[in-house]
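Understanding the architecture of this molecule
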Amino acid sequence: MERYYAGIDIGSTMTKAVIVGESIIASVIGPTGPEHRKLANKVMEKALGEAGLKFEDVTYVVSTGYGRVNVPFADRQITEITCHAKGIHSLLPTVKTIVDIGGQDSKGIKIDSGKVTSFVMNDKCAAGTGRFLEVIADTLGVPLEKLGEISLSAECPAVISNTCTVFAEHEVINKLSTGEKIPNLIAGVHDAVATRVYALVKKLNVEADIAVTGGGAKNVGLIKALEGKFGCPVLVPPEPLITGALGAALVGKERYEHALQSGQTLTRSGQGLQEARLFS
Amino acid sequence: MAEDKKPRSLATQAAAKIAKFVRGNMSATLKAKEEGKKVAYAYINDGQDEIMRAMDIVPAWGESFAGVCAAKRDAEKYLQKAEADNFSRSLCTYATCTIGFDMWREELNGQTPPDAPWGGMARPDMIIGSAQQLCDPRFKWPQATQHYLQDVPVFVGNMYYPPWDPKRDHHEQEAIYVKYAKAELLELVRFCEKHTGKKMDWDRLAGLVDLTEKTWNLFIDTYELRKAIPTPMDTGDAMNTMVPITFNLATQDAYDYYKGLYDELIQKNEKKQGVIENEKYRLLWGAGLPSWFALGDFQYFNDKGAVFPAEVTYRNAEKLERLDLPATNDPLERIAWRWVRFWTHWYDKARKRPGSSPKVERIIEYIEDYKCDGVVFHSAFSCRSWHAGIIHQAEVLRKIYGDIPILIMEGDIVDISSYNEVDTHNRIDAFIETVDAYKAKRS
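Residues numbered from 1 in each chain as written. Chains lettered and ligands numbered in written order. Predicted model: local features only at pLDDT ≥ 70, side-chain atom pairs only at ≥ 80, totals over all residues.

Okay, the overall build of chain B next. Tallying secondary structure elements over chain B gives 20 helices and eight strands in all. Expected size for 443 residues packed as a compact globule is a radius of gyration near 22 Å; at 21 Å, chain B falls within 12% of this value. By its C-alpha atoms, chain B is 65 × 50 × 40 Å across when sized along the principal axes. Here chain B holds 443 residues, and the buried ones make up 51% of them. Long-range contacts, defined as pairs at least 24 residues apart, comprise 77% of the intrachain contacts of chain B with a sequence gap of at least 6. (Helix = DSSP H or I, 4+ residues; strand = E, 2+ residues; numbered from the N terminus. Rg over C-alpha atoms; globule rule 2.2 N^0.38 Å. Buried ≥ 20, exposed ≤ 12 C-beta atoms within 10 Å, placed from the backbone. Contact = placed C-beta atoms within 7 Å.)

Here the focus is helix 2 (residues 18-34) of chain B. Residues and elements named next belong to chain B. The end-to-end C-alpha distance of helix 2 is 24 Å, a good match for the 24 Å that 17 residues give at a rise of 1.5 Å each. Turning to helix 2, its buried residues number three or more, namely Val22, Asn25, Met26, Thr29 and Ala32. Against the buried residues of helix 2 lie strand 1 (39-42), strand 2 (58-61), helix 4 (62-71) and helix 11 (243-247). After helix 2 finishes, the residue glycine 36 shows a positive phi value of roughly 80 degrees. (Expected span 1.5 Å × (residues − 1).)

Here we take up the sheet that holds strand 1 of chain B. Residues and elements named next belong to chain B. Pairing in this open sheet of four strands is parallel, and the strands run 2-1-3-4 from one edge to the other. The open sheet has two edge strands with one neighbour each: strand 2 and strand 4 (154-158). Each strand axis lies, on average, 30 degrees off the axis of its neighbour in the sheet, ignoring direction. Pairing geometry for strand 1 and strand 2, over four bridges, is parallel. Bridge pairing links valine 39 to valine 58 in strand 2. Relative to the sheet, helix 7 (residues 141-148) contacts strand 1, strand 3 (126-131) and strand 4, its axis offset from that of strand 3 by approximately 155 degrees. Set on the sheet, helix 8 (residues 171-196) makes contact with strand 3 and strand 4; between it and strand 4 the angle comes to about 165 degrees. (Pairing = 2+ DSSP bridges. Axes fitted to C-alpha atoms, helices over the stretch in contact; angles between N-to-C directions.)

Once that is clear, we can look at helix 7 of chain B. Residue and element names in this part refer to chain B. For helix 7, the complete set of buried residues consists of Trp141, Pro142 and Thr145. Looking straight down helix 7, one finds its buried side chains confined to an arc of 95 degrees; they lie on one side. Residues of helix 7 that are buried sit in contact with strand 1, helix 6 (93-107), strand 3 and strand 4. (Arc of directions from axis to C-beta.)

This part takes up the interface of chain A and chain B. If you look at the interface, chain A gives 17 residues, while chain B gives 17 residues. Of the residues forming the side of chain A that touches chain B, the biggest block, six residues, is contributed by strand 8 (residues 115-121) of chain A. A breakdown of the residues in the side of chain A that touches chain B according to their chemical character gives seven nonpolar, six polar and four charged. (Nonpolar A, V, L, I, M, F, W, Y, C, P; charged D, E, K, R; others polar.)

A separate point is the nonpolar core. Residues B:Ala40, B:Leu284, B:Ala336 and B:Val375 are the most contacted members of the largest nonpolar core, which totals 172 residues. Considering every element that reaches this core, the biggest residue donor is helix 6 (residues 182-201) of chain A, with nine residues. Every residue in contact with B:Leu284, bar those within four places of it in the chain, is listed here: B:Phe308, B:Ala310, B:Glu311, B:Ile363, B:Tyr366, B:Ile367, B:Tyr370, B:Cys372 and B:Val375. Formed by 38 residues, the second largest nonpolar core is a distinct cluster that contains A:Tyr5, A:Ile8, A:Tyr66 and A:Leu241. (Core = buried A, V, L, I, M, F, W, Y, C linked by C-beta atoms within 7 Å.)

Here we come to the environment of B:Ala254. Residues and elements named next belong to chain B. Assignment of secondary structure puts alanine 254 in helix 12 (residues 252-270). Residue alanine 254 is classed as buried on the basis of its C-beta count, with 24 C-beta atoms lying within 10 Å. Leaving out residues up to four positions away in the same chain, alanine 254 has contacts with Thr215, Pro244, Ile245, Asn248 and Leu249.

With that out of the way, let us pick up the pairing of strand 4 of chain B. Residue and element names in this part refer to chain B. Where strand 3 and strand 4 come together, five bridges link them in parallel fashion. What sits directly across from isoleucine 127, in strand 4, is valine 154. Crossover handedness for the path strand 3 to helix 7 to strand 4: right-handed. (Right-handed = clockwise from strand over helix to strand, strands pointing away.)

What follows is about the packing of helix 8 of chain B against helix 15 (residues 331-344) of chain B. Residues and elements named next belong to chain B. Relative to each other, helix 8 and helix 15 sit at 130 degrees, their axes nearing to 8 Å. One element, helix 8, and the other, helix 15, form an angle in the oblique class. Remark: the crossing between helix 8 and helix 15 carries right-handed chirality. Residues Glu174, Tyr177, Val178, Ala181, Lys182, Leu185 and Leu186 of helix 8 touch helix 15, and the partners they reach there are Leu332, Glu333, Ile335, Ala336, Trp337, Val340 and Thr344. (Parallel < 35°, antiparallel > 145°, perpendicular 65-115°, else oblique. Left-handed = near helix turned anticlockwise from the far one by under 90°.)

This part is about the sheet that holds strand 5 (residues 281-287) of chain B. Residue and element names in this part refer to chain B. Strand order in the open sheet made by the four strands is 6-5-7-8, with parallel pairing throughout. The two strands at the open ends of the sheet, each matched to only one other strand, are strand 6 (306-311) and strand 8 (406-411). Between one strand and the next, the sheet's axes are offset by a mean angle of 35 degrees, whatever the strand orientation. Examined bridge by bridge, strand 5 and strand 7 (residues 374-380) share four bridges and lie parallel to one another. For leucine 284, the partnering residue across the bridge sits in strand 7 and is valine 375.

Take the confidence of the model for chain B next. All names here are of chain B. Taken over all residues, the pLDDT of chain B has a mean of 94, while the share at 70 or more is 98%. Between residues 1-5, whose pLDDT stays under 50, and residues either more than four places distant or in other chains, the model counts five contacts. Taken together, the chains of this predicted complex give a pTM of 0.90 and an interface ipTM of 0.83. (pLDDT = per-residue confidence, 0-100.)

What follows concerns unusual backbone geometry. In the segment running from A:Ala208 into A:Asp209, the intervening peptide bond is cis, with an omega of 0 degrees. Structurally, the position occupied by A:Asp209 is in the loop between helix 6 and strand 9 (210-213). B:Ile229 connects to B:Pro230 through a cis peptide bond whose omega is 0 degrees. Structurally, B:Pro230 is set in the loop between helix 9 (202-224) and helix 10 (235-241). Its identity is not glycine, yet B:Asn45 carries a phi of approximately 55 degrees, on the positive side. With respect to the helices, strands and loops of the structure, B:Asn45 is situated in the loop between strand 1 and helix 3 (49-54). In this model, B:Asn86 sits at a positive phi of 75 degrees, which is unusual for a non-glycine residue. Tracing the sequence through the fold places B:Asn86 in the loop between helix 5 (76-84) and helix 6.

The next subject is the confidence of the model for chain A. Within chain A, residue pLDDT values average 89, and 94% of them lie at 70 or more. Between residues 275-280 of chain A, whose pLDDT stays under 50, and residues either more than four places distant or in other chains, the model counts eleven contacts.

This brings us to the pairing of strand 2 of chain B. Burial of the side chains of strand 2 of chain B extends over both faces: B:Val58 and B:Ala60 are buried on one face and B:Pro59 and B:Trp61 on the other. A crossover links strand 1 of chain B with its parallel partner strand 2 of chain B, the connecting element being helix 3 of chain B, and its sense is right-handed.

Our focus in this paragraph is the environment of B:Gly62. Residues and elements named next belong to chain B. Among the structural elements, glycine 62 can be located in helix 4. Placed 377 residues apart in sequence, glycine 62 and lysine 439 show a C-alpha to C-alpha distance of 42 Å. When neighbours within four sequence positions are excluded, glycine 62 is seen to be in contact with Tyr41, Tyr43, Tyr94 and Thr98.

Structure (structure tokens):
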């Protein structure tokens, strides 16, 4: 009988759920709101529906991301650092350095055979995160998902000298008012984000292959800027948002199978999906 | 699902006594003023303790006061005061906190600002600084303070030690540095004599040097008891128990304190009584001052099964026999040799390991002696002396010693705006998972 394992990653802006058996059988991405538990419930329900499973069919559930402690039906909480490493290793086994650009933070992770050897996370500043790009997209009146594509037509990227998101927004407005073209501005913004991320990640003694995950990985302009900073091509998984949730499911699978082999019993949360409660 | 918040607890009774100790040091400065004794602003690890104590000068420690303000999360008003006079937030926040306090007190014509933590410090009669033994901001901090306390005389001495150079034998240079340090200490004696109106009692000074040396030996003997598995005391406590060796050196109180701690740790080891019940991970606090407003993070590590049996920070003493000091009866020369050798005695060992440095060699020794599974650094942004070198130390450690989990935490010593508890705990969680994976791989 095939066993199924679920991973749920509650990030600052998106919630992701993945169900694995022998391979990925379902993955769902939904927005994160202040009511993490409720959304976790809904996203997991959707993933189960996609897989044609009931919650009872799932052997073990691991939650990750900033909201990991708010998932009542998770059997275990593991940080996104460990889960990203596990997830990326399963998808791109040659990767030694992960750059994750999320909604509110960015991080660098060094891995060896899927295990974390060191990591860095950004400070409390929004520069170098998806939030920075959201603010600029809003300022320019450009859909977030179009930023990358538009930036590729830049003739000469503008120089955005401020790393502070608020001041950078002012700088973009000022340059816009002096006639700077939008593609040049967006390319300049990508360069500013890439510079910030590179400064963070290079503390890790970066080794290729490098993979980029998180929402930032969906932006081709940012990927191009990062490749310029690292001086080599970077790898992007087919769906860069789900690597944390995938890793969570795989960590759960590994732990369960290890426990099974060694005759141990893993404690489960004992709470079904329907028992999710808000802030209880 | 969220973990319960637990109050911070201390493993040893000795550590629990420290608040009274610190408060006593601060109130001693206020009492000294009432009794007509001289009070000096003083700075830790300057080699000046015995001289001040021999001259009956009561030290007022800015670093201690700022730490108390931070621990009580009440430093912001002083930081803002200093910032309003254009002191950057990136300057040492020990300095800016106390300068803000000094500014406020001067505005009140010498009265202690209202609600000063634990009554504040007395206005000093003199400022006795020394730079380079520990950190360079202390060249300018006393001078900046004098900008507001213009009638207060300032002495800033220097006690250098030979810089690390793997290609150069420092032994040839040590005597020159000691000669210079001794001259600086003698200059300090003259300064103290001038401003106290008393002559130095050289026999008393020699007795206090004896007492300091005894205290250094006892301190190390005591801390080495933490090698036991489970460890009876970790860094969470050591950030308290460092007070006597740091702020009360050359006093009988300091010696007696460590005798009490020594006895307590012996008893704990006999009963195999560890800091936590199930010690799973042993970590080294590799460098950096802690965030005094977030000492509860040590508890967070403990809750994850991690303990710190050793730390570089505030282990500012060494066994005298290890320093192999030249024989001399001159108390100033003894002080000078002890401090110069405190820093240089790692050099020979570091030279034997290509690519190493004294600071990294010290970390390696503690990793091995205390059987540590990982290293945690704390990069306090305003503490330039340590902040700037931490990444380099971590890189060198990995390169020459091998793969060991390292966590670099970020924050500050005093400025709470640098701190995010959720982020910090998230990093600790991830680090513990990493240490666990390393241990599993090794086993």
